[in-house]
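# Reading the structure
Chain by chain, the residues:
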Amino acid sequence: MITYRHLQKVGIKIWLCLFLAIISTSAGNHLFAQNFYKERSGRNQTMGAGIGPGFIFADNGGIYRDLNFTLKPALSVHYGRRLNSWWQLRATAGIQGLRSGGDYPIDVLQVWDLRRSAFRFSGTALYADVMPMIQLRPFFNHMDRPTFNWYGGIGIGFLQASTTLYYSMSQNSPSRTQRLLTASFPVRSGVSYRLGDYGDISLEGSLILTMTDEIDGNRGYNKLGDHLINIQLQYTRYLKLK
């Protein structure tokens, strides 16, 4: 015979089961919401670093049409902040080795000697710039970015070159050192490949246009100024900032 006390016990058990089910569902939904938010909230800031070869385009930098010039290592770090689906503002700082190259004919060397221009040089350049960069395949959220993407931009910055200038081709050549600061206008472009949810690897080329023709100690021979060129393998990480 079913009594009121029996029904009361069954009712309490059912109520406890419903209560636990509600608590469990609520907690599960909350955790799901947290995970969804964690994965779907945009990581709008990035940091990265790159390494690769580079060279300088200069009066005595090399015979470029014959690919006779000297490659030196180039390193850089960068920080970026995404402005919208298309645009990112990026700050880059780097260092690149500098060295002359090429086998110039004797008549060219005689002209340099008459002008008291440097025959060769070596040193390093430090540079920093800020650049708006556009993406060919825009995305709103880092989780939705494409596997491959193209990006590029033009910026403004400065470059400091520290070089030793040599005034003959001999080992005992007279020399002097110089430090030169100039404005720069970098042009940068690259192709990126997505590595998981939070990382990209890219192949990136930079042309750093300067406002000087005196980094190499040889002025006016090619009438195009002195400019840096490098190609770097870059790794970029999407940051989680509170």
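Treat the numbers as computed from the prediction; the structure is a model and nothing was measured. (Residues numbered from 1 in each chain as written. Predicted model: local features only at pLDDT ≥ 70, side-chain atom pairs only at ≥ 80, totals over all residues. Heavy atoms only, no water.)

## A closer look at the overall build of the chain
When helices and strands are tallied, the chain shows 2 helices and 11 strands. Sequence-ordered secondary structure for the chain, helices as α and strands as β, is α-β-β-β-β-β-α-β-β-β-β-β-β. Out of the 242 residues belonging to the chain, those deemed buried represent 40%. Accessible surface computed for the chain: about 14500 Å², of which carbon and sulfur atoms make up 64%. (Helix = DSSP H or I, 4+ residues; strand = E, 2+ residues; numbered from the N terminus. Buried < 20%, exposed > 50% of the residue type's maximum accessible area, 1.4 Å probe, protein only. Areas by Shrake-Rupley, 256 points an atom, 1.4 Å probe, with all protein chains shown as cover.)

## Quick look at the nonpolar core
Ranked by internal contacts, the top residues of the largest apolar core, which has 13 residues, are Ile56, Leu98, Phe121, Leu159, Ile215 and Leu228. Ignoring sequence-local partners within four residues, the contact set of leucine 98 consists of Ile56, Lys72, Phe121, Ser122, Gly123, Thr124, Ala125, Ala161, Thr163, Ile215 and Leu228. If you look at the next biggest cluster of nonpolar residues, it comprises 6 residues, including Ile63, Tyr104, Val108 and Trp112. (Core = buried A, V, L, I, M, F, W, Y, C linked by side-chain atoms within 4.5 Å. Contact = heavy atoms within 4.5 Å.)

## Structural notes on the pairing of strand β7 (residues 148-154)
Successive side chains on a regular strand alternate, one facing one side of the sheet and the next facing the other. Bridge count for strand β6 (residues 120-135) against β7 is 3 bridges, and the pairing is antiparallel. Bridging across to β7, methionine 133 finds its partner in glycine 153. Two elements, β7 and strand β9 (residues 175-195), share 7 bridges in a ladder whose sense is antiparallel. Note that in β9 the partner of tyrosine 151 across the bridge is glycine 190. (Pairing = 2+ DSSP bridges.)

## Details of the layout of surface pockets
Volume-wise, the second largest pocket comes out at about 210 Å³. As for the second largest pocket, its lining consists of Phe57, Ala58, Asp59, Gly62, Ile63, Tyr64, Arg65, Tyr104, Pro105, Val108, Tyr221 and Asn222. Residue classes in the lining of the second largest pocket are distributed as 8 nonpolar, 2 polar and 2 charged. (1 Å grid on protein atoms, 1.4 Å probe; cavity = no way out; pocket = protein on both sides within 12 Å on 5 of 7 lines; lining within 4 Å. Points joined across faces, edges and corners; volume = space filled by probe spheres on them. Nonpolar A, V, L, I, M, F, W, Y, C, P; charged D, E, K, R; others polar.)

## Re the side chain of glutamine 135
Looking at where glutamine 135 falls in the secondary structure, it is placed in strand β6. Ignoring anything within four residues of it in the chain, the contact list for glutamine 135 reads Ser85, Trp86, Asn149, Trp150 and Tyr151.

## Quick notes on the side chain of threonine 182
Structurally, the position occupied by threonine 182 is in strand β9. At 3.2 Å, the side chain of threonine 182 and the backbone nitrogen of methionine 211 are in polar contact. Excluding anything up to four places from it in sequence, threonine 182 contacts Phe158, Leu159, Thr210, Met211 and Thr212. (Polar contact = N/O pair within 3.5 Å; in protein donor to acceptor, adjacent residues only side chain to side chain.)

## Topic: the confidence of the model for the chain
On average, residues of the chain carry a pLDDT of 86, and 83% of them reach 70 or more. Contacts from residues 21-33, a stretch scored under 50 in pLDDT, to residues over four places away or in other chains number 0 contacts. (pLDDT = per-residue confidence, 0-100.)

## Remarks on the packing of aromatic side chains
Summed over all chains, the structure comprises 8 aromatic pairs. Summarising the aromatic geometry, the rings of phenylalanine 55 and tyrosine 64 are spaced 6.1 Å apart at their centres and angled 35° between planes, so their arrangement reads as tilted. You can call phenylalanine 55 buried: its relative accessible area is 16%. An angle of 65° between the planes, with centres 6.1 Å apart, marks the rings of tryptophan 112 and phenylalanine 119 as edge-to-face. Grouped by ring-pair contacts, the aromatic residues Phe55, Phe57, Tyr64 and Phe69 constitute a single cluster. Sitting over the face of the ring of tyrosine 198, arginine 43 holds its NZ or CZ atom 3.7 Å from the ring centroid. Directly above the ring of phenylalanine 140 sits arginine 82, whose terminal nitrogen or CZ lies 5.9 Å from the centroid. (Phe/Tyr/Trp six-rings, centres within 6.5 Å; stacked < 30°, edge-to-face > 60°. Lys NZ or Arg CZ within 6 Å of the ring centre and 35° of its normal.)

## Structural notes on the pattern of salt bridges
Following the criterion strictly, the structure yields 6 salt bridges and no others. The shortest N-O distance in the salt bridge between arginine 194 and aspartate 197 comes to 3.2 Å. Judged by its relative accessible area of 32%, aspartate 197 is partly exposed. Linked by salt bridges that have partners in common, Arg90, Asp129, Arg188 and Glu204 make up one network. (Salt bridge = Lys/Arg side-chain N within 4 Å of Asp/Glu carboxyl O.)

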